[in-house]
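Analysis of the macromolecular model
The residues making up each chain are set out below.
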Amino acid sequence: DATAAVRALQLGAVEFVSKPSGTISVDLYKIRDELIAKVKMATLVNLDRMAAQMALPADPLPAPLCSGSTDGYMVAIAASTGGVQALDRILRQLPANLTASLLVVQHMPAGFTASFAQRLDRHSPLSIEEAQDGAIVQLGAAYLAPGGRHMTIRRDGGQIVIHLQDTPHANSARPSADVLMESVADVAGSRCVGIVLTGMGRDGTVGLARIKQAGGVTLAQDRESCSVFGMPKSAIEEGVVDQVVSLVQIPIALVEFLGGTNCNG
């Protein structure tokens, strides 16, 4: 059940594995390799950090002091293991009138992201939904890439439109943050922000490099607040991160940056 799985992740579960069929699942052997990999990965997770993050208050932040711009930013966010809790915390705190659109990749199988988006939407001042192919990107909204599909954006006249793809996996992931961030850099240029959160692997490193090359701003979650310091560590070691910040500081830094850019025109 997708709702139960997402709820378990928000309460502190490290990962989940979908049963291949039915109540009895006589073909459990099909998920053997995935199950073994996730059990091994779970040994790397810092459970104390996950518990500490859940205990911290996450009240909505005030709107940026200067927020009159209608020319918004594109904010691309990458997350994997531990990301369900991290995203929930960040999105709870961002104000509804944020002059940006958020595009989020959370590594999650098909069939689970719709439930996750609904839970995020209930807790956040922002409008949050699972991305639909052809949807027009709006300010003050967040779009979660569907499990099993890459999400990109493109310009269509004066609007920015979401495009979903079934192209091959990147960094063993689909959706992939690299695929998303490369399209965000191409479309938004210097008016974009890339953020890499907790997770295993390297997804997001190439994407942050493209955003930085385009003149955008790049952030990574610090080791101390990560459940798994894999994806941020990769990006930091490649030298493509402008700021390394704690989970608590990420929404604050984003609101301050967007307010400052609007003040400066």
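Preceding block: the structure.
Turning our eyes to something else, we now look at the overall build of the chain. For the chain, the helix and strand inventory stands at nine helices and nine strands. For the chain, the proportion of contacts with a sequence separation of at least 24, taken over those separated by at least 6, is 75%. Accessible surface, the chain: about 11600 Å² in total, of which carbon and sulfur atoms supply 52%.

Taking 1.5 Å of rise per residue, the 12 residues of helix H6 (residues 177–188) would be expected to cover 16 Å, and the 16 Å separating its terminal C-alpha atoms lies within 8% of that figure. Counting buried positions along H6 gives 10 out of 12 residues, so the element sits mostly inside the fold. By the burial criterion, the buried members of H6 are Ala177, Asp178, Val179, Leu180, Met181, Ser183, Val184, Ala185, Val187 and Ala188. Those residues of H6 that are buried are in contact with strand E1 (73–79), strand E2 (100–106), strand E5 (150–156), strand E6 (159–165), strand E7 (192–196) and helix H7 (205–213). If you check the start of H6, you find a side-chain oxygen 3.2 Å away from the backbone N of Asp178, and it comes from Ser176. Backbone geometry just downstream of H6 places Gly189 in the positive-phi region, at approximately 60 degrees.

Pairing of E5 with E6 involves seven bridges; the strand directions are antiparallel. The residue of E6 that forms the bridge with Asp156 is Gln159.

Right, let's talk about the nonpolar core for a bit. It is characteristic of soluble globular proteins that their nonpolar side chains tend to be buried jointly. Within the largest apolar cluster, 35 residues are counted, with the highest numbers of intra-cluster contacts made by Val75, Ile77, Leu94, Leu98, Leu102, Ile195 and Leu197. Looking at this core, the elements with two or more residues in it are E1, helix H4 (83–93), E2, helix H5 (113–123), strand E4 (141–144), E7, strand E8 (217–221) and helix H9 (249–263). Among the elements that make up this core, the one with the highest residue count is H4 (five residues). Those residues in contact with Leu102 that sit more than four places away from it in its chain are Val75, Ile77, Leu91, Leu94, Leu126, Ala141, Ala142 and Tyr143. Grouped together as the second largest cluster of nonpolar side chains are 32 residues, Val105, Ala135, Val240 and Val241 included.

Each value, and the rule that gives it
Residues numbered from 1 in each chain as written. Predicted model: local features only at pLDDT ≥ 70, side-chain atom pairs only at ≥ 80, totals over all residues. Heavy atoms only, no water. Helix = DSSP H or I, 4+ residues; strand = E, 2+ residues; numbered from the N terminus. Contact = heavy atoms within 4.5 Å. Areas by Shrake-Rupley, 256 points an atom, 1.4 Å probe, with all protein chains shown as cover. Expected span 1.5 Å × (residues − 1). Buried < 20%, exposed > 50% of the residue type's maximum accessible area, 1.4 Å probe, protein only. Polar contact = N/O pair within 3.5 Å; in protein donor to acceptor, adjacent residues only side chain to side chain. Pairing = 2+ DSSP bridges. Core = buried A, V, L, I, M, F, W, Y, C linked by side-chain atoms within 4.5 Å.

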